[in-house]
Amino acid sequence: MDVCVIGGSRYFGRRLIKDLRDSGAAVTVVNRGSVPVPHGVIHLRADRDDEAALRTALAGRSFDAVVDQVCYSPLQAAVAARVFSGRTRRYVMTSTVEVYAELGWPGGPGRPGGAPFPEAAVDPSAWPVDRGLPWADQRFLAGHYGEGKRQAEAVLTREAPFDVAAVRTAHVLGGADFTGRLAHYAERIGRGLPVVVHAAPQPASFIHEPEIARFLAWTAAADFTGPVNAASHGALDVRELCAEIGRATGTRPRLVEGPDELLSPFSFDRCYAMDTGRASGLGFRFSSVTDWLPQALKEHEER
């Protein structure tokens, strides 16, 4: 199998590259080259926003599948649809649970009966696209992360001349987490410091770094299309997450309610829980959060 990974310079993208390589796949990585790629992997340097440079870097190459780790806007998706036309039969976009963010308020329209989100709650075949928004402005892009992903899914679904699957990834936890979110909880709970939470926090889905890498590799080799949720079993609100971390570390969490500017990273006022029935029906078996959370904390400690 010949796979191209766009991005993949850190966190679970780097683990994905190694997993694909170790499985026997021929792996080509396309990125700007700020971080060396793992041994045994072809490295093509190009800015994915520069269509001409991307075409030049990919000249004469084709792939069985592409995994796009860094598609954040409809403009980037449109470039990918054009550049990879005739170069691949399958395209996997790494999307996010944030596509459900605007629907997740308690009693929101996307959660009948308060259930976790199914993929159908956000349909990329019908989602509106506005290419006139300032997607090239990094501050705008960061402030509209979920909407950028929704519109990127929509463009690829409707315009790409190859099969497209969008993996809607839960919040990823692992020792290599560069965001500092897991560290926030591990360090504050471990030191007996207070953790600030909402009065009525909403549940969220999580997934371990190695598991999302495995799922992306599995998806690259599969043949289904459309969005698919990727999350470990057992959605947790922040109080439940802290309790699990406390159990793993042998420390009782100190939880306090506070203003928005002090809230801890996984304290949410809207639901981020996802239904993984589609992935299970397709044959992938997820673990449970409580199975791997102690290991993720251990990985953090060992960094």
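Now for a description of the structure that goes with this document. None of the values given here were measured: they were computed from a predicted structure. (Residues numbered from 1 in each chain as written. Predicted model: local features only at pLDDT ≥ 70, side-chain atom pairs only at ≥ 80, totals over all residues. Heavy atoms only, no water.)

What follows covers the overall build of the protein chain. A tally of regular secondary structure across the protein chain gives 10 helices and 11 strands. Taken against the 2.2 N^0.38 rule, which gives 19 Å for 303 residues, the C-alpha radius of gyration of the protein chain at 19 Å falls within 12% of a compact globule. Once the C-alpha set of the protein chain is aligned to its principal axes, its extents read approximately 60 × 45 × 40 Å. In the protein chain, buried positions account for 52% of the 303 residues. Contacts in the protein chain between residues far apart in sequence, at least 24 positions, make up 79% of those at least 6 positions apart. For the protein chain, the computed accessible surface area is about 13000 Å², with 49% contributed by carbon and sulfur atoms. A gap of 3 Å separates the mean positions of the 34 positive and 36 negative side-chain charges of the protein chain. (Helix = DSSP H or I, 4+ residues; strand = E, 2+ residues; numbered from the N terminus. Rg over C-alpha atoms; globule rule 2.2 N^0.38 Å. Buried < 20%, exposed > 50% of the residue type's maximum accessible area, 1.4 Å probe, protein only. Contact = heavy atoms within 4.5 Å. Areas by Shrake-Rupley, 256 points an atom, 1.4 Å probe, with all protein chains shown as cover. Lys, Arg positive; Asp, Glu negative; His and termini not counted. Charge placed at Lys NZ, Arg CZ, Asp CG, Glu CD.)

Look at helix α8 (residues 238-249): 16 Å from first C-alpha to last across 12 residues, which is about the 16 Å you get at 1.5 Å a residue. Of the residues making up α8, those classed as buried are Val238, Leu241, Cys242, Glu244, Ile245 and Gly246. Where α8 is buried, its residues meet α6 (181-190), β8 (194-197), β9 (206-208), β11 (254-257) and α10 (289-302). With a side-chain oxygen lying 2.9 Å from the backbone nitrogen of Arg239, the N-terminal cap of α8 falls on Asp237. Downstream of α8 by one or two residues, Gly250 has phi in the positive range, about 70 degrees. (Expected span 1.5 Å × (residues − 1). Polar contact = N/O pair within 3.5 Å; in protein donor to acceptor, adjacent residues only side chain to side chain.)

Under the counting rule described, the total for this entry stands at 17 aromatic pairs. Ring centres 6.0 Å apart and planes at 10 degrees place the aromatic pair Tyr185 and Phe266 in the stacked group. Of the two residues, Tyr185 is situated in helix α6 and Phe266 in the loop between β11 and α9 (277-282); the sequence distance between them amounts to 81 residues. With respect to class, Tyr185 is no different from Phe266; both count as buried. Between Phe215 and Phe284, the ring centres sit 4.9 Å apart and the planes meet at 90 degrees, which makes this aromatic pair edge-to-face. (Phe/Tyr/Trp six-rings, centres within 6.5 Å; stacked < 30°, edge-to-face > 60°.)

On the secondary structure map, Thr219 appears in helix α7 (residues 209-221). Not counting the four nearest positions on each side in its chain, Thr219 is found in contact with Arg90, Val92, Ala165, Val167 and Phe224.

To continue, consider the side chain of Ser95. By the secondary structure assignment, Ser95 is in strand β5 (residues 90-96). For Ser95, a relative accessible area of 4% puts it in the buried group. Within the structure, the side chain of Ser95 is placed 2.6 Å from the side chain of Glu153, a separation counted as a polar contact. For Ser95, the contacting residues outside a window of four places in its chain are Lys149, Glu153, Ala166, Val167, Arg168 and Thr169.

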